[in-house]
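# Reading the structure
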Amino acid sequence: GYSPAVRGLTLAALALTAGLAAAPAGQAAFPGRNGAIAFTHGVARDPMSAPRLHIDTVRPDGSGRRVLVRQAQFPAWSADGRRLAYVGVTADGRDRGIFVAAADGSRRVRVTRDPDDGAPAWSPDGRRLVFHRARSPGPGALVATVYTIRPDGTGLRRLARGLFPAWSSTDRIAFVRQVARTGRLTDGIFTVRPDGRELSRVTGRAADSAPNWSPHGTRLVFTRGDRIHKIRADGSRLRRVPRRGSFPAWSPDGRRLVFARGQVIHTVRT
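The following paragraphs examine the structure supplied in this document.

Reading the values: rules and limits
Residues numbered from 1 in each chain as written. Predicted model: local features only at pLDDT ≥ 70, side-chain atom pairs only at ≥ 80, totals over all residues. Heavy atoms only, no water. Core = buried A, V, L, I, M, F, W, Y, C linked by side-chain atoms within 4.5 Å. Buried < 20%, exposed > 50% of the residue type's maximum accessible area, 1.4 Å probe, protein only. Contact = heavy atoms within 4.5 Å. Helix = DSSP H or I, 4+ residues; strand = E, 2+ residues; numbered from the N terminus. Pairing = 2+ DSSP bridges. Lys, Arg positive; Asp, Glu negative; His and termini not counted. Salt bridge = Lys/Arg side-chain N within 4 Å of Asp/Glu carboxyl O.

### Some points on the nonpolar core
Core analysis: the largest hydrophobic core is formed by 28 residues, its most contacted members being Leu-129, Ile-189 and Leu-220. Excluding residues that lie within four positions of it along the chain, Leu-220 makes contacts with Ala-174, Ile-189, Thr-191, Val-202, Pro-211, Asn-212, Trp-213, His-229, Lys-230, Ile-231 and Trp-250. In terms of nonpolar packing, the next biggest core, distinct from the first, is built from twelve residues, Ile-55, Leu-68, Val-69 and Ala-103 among them.

Next up, the structure:
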């Protein structure tokens, strides 16, 4: 699966040009103007080598593409667009975890030190991050847990069993709930308060993944298999977006969705 993350700062244009490869990211879209799209770009040095993943940014019209952070993935802009959370490696390339950096990729701070951490997303006030820790205890098995933490690495709190969390502007966290270690691992998208109260089901299919909030926290967009769907936060009014793709993200102005299909990033009106 792939996904970009839209920054809520500068003025928007309409669409991206083709030819950009994206990779998984967690991102909440808060109210504001559209800005740069951060995405994970995989580059293989030769056909037999594993790809090196870097976070690139590009304007919504496809211009101004540049490498922001090398050896990194899962980009997520803070609500004010001034910071980026992501999964990266240390300077020596030996250790992996979640990092926070300034919007230009400078002033990196390591938040977690577990190589199984992924999919960070910001709280509305920027004071905490939510992420998943997904371990494989054996072949075909998975144990995934959602945590929150402060950006300085303190205050780790366990929230729920699940994957791909996203934090809304109304202070609810959506995630894919894990119900088993093997076989049918998940059973749909749920939302919960950051303190673990008010758990609520939104969808009920194992194929549902990668939820992302609308700017005002009233709707979610997610993938079901290879199709993109929208739904109200209370689980009503499910609608299928007429596009195939994965890991969609809402633009900060709420007018467009950005998503990946194959090796190409697309945008579509909501």
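### What about the pairing of strand 6 (residues 83-89)?
One face of the sheet, then the other: side chains in a regular strand alternate in exactly this way. Here strand 6 lies mainly inside the structure; six of its seven residues are buried. Relative to strand 6, strand 5 (residues 72-77) runs antiparallel, the two being bridged by four bridges. Each bridged residue has a counterpart across the sheet, and for Trp-77 the counterpart in strand 6 is Leu-84. In textbook terms, the turn of a hairpin is the stretch between consecutive antiparallel strands, and for strand 5 and strand 6 this stretch comprises five residues, one of which, Gly-81, has a positive phi near 75°. Bridging between strand 6 and strand 7 (residues 96-102) involves seven bridges; their strand directions are antiparallel. Following the sheet pairing, Val-87 is matched in strand 7 by Ile-98.

### Here we look at the side chain of Arg-227
Mapped onto the elements of the fold, Arg-227 is located in strand 18 (residues 227-232). The charged side chain of Arg-227 is buried without a salt bridge, its nearest counter-charge being Asp-226 at 5.0 Å. Residues in contact with Arg-227, not counting those within four places in the same chain, are Phe-222, Arg-240, Val-241, Pro-242, Arg-243, Arg-244 and Gly-245.

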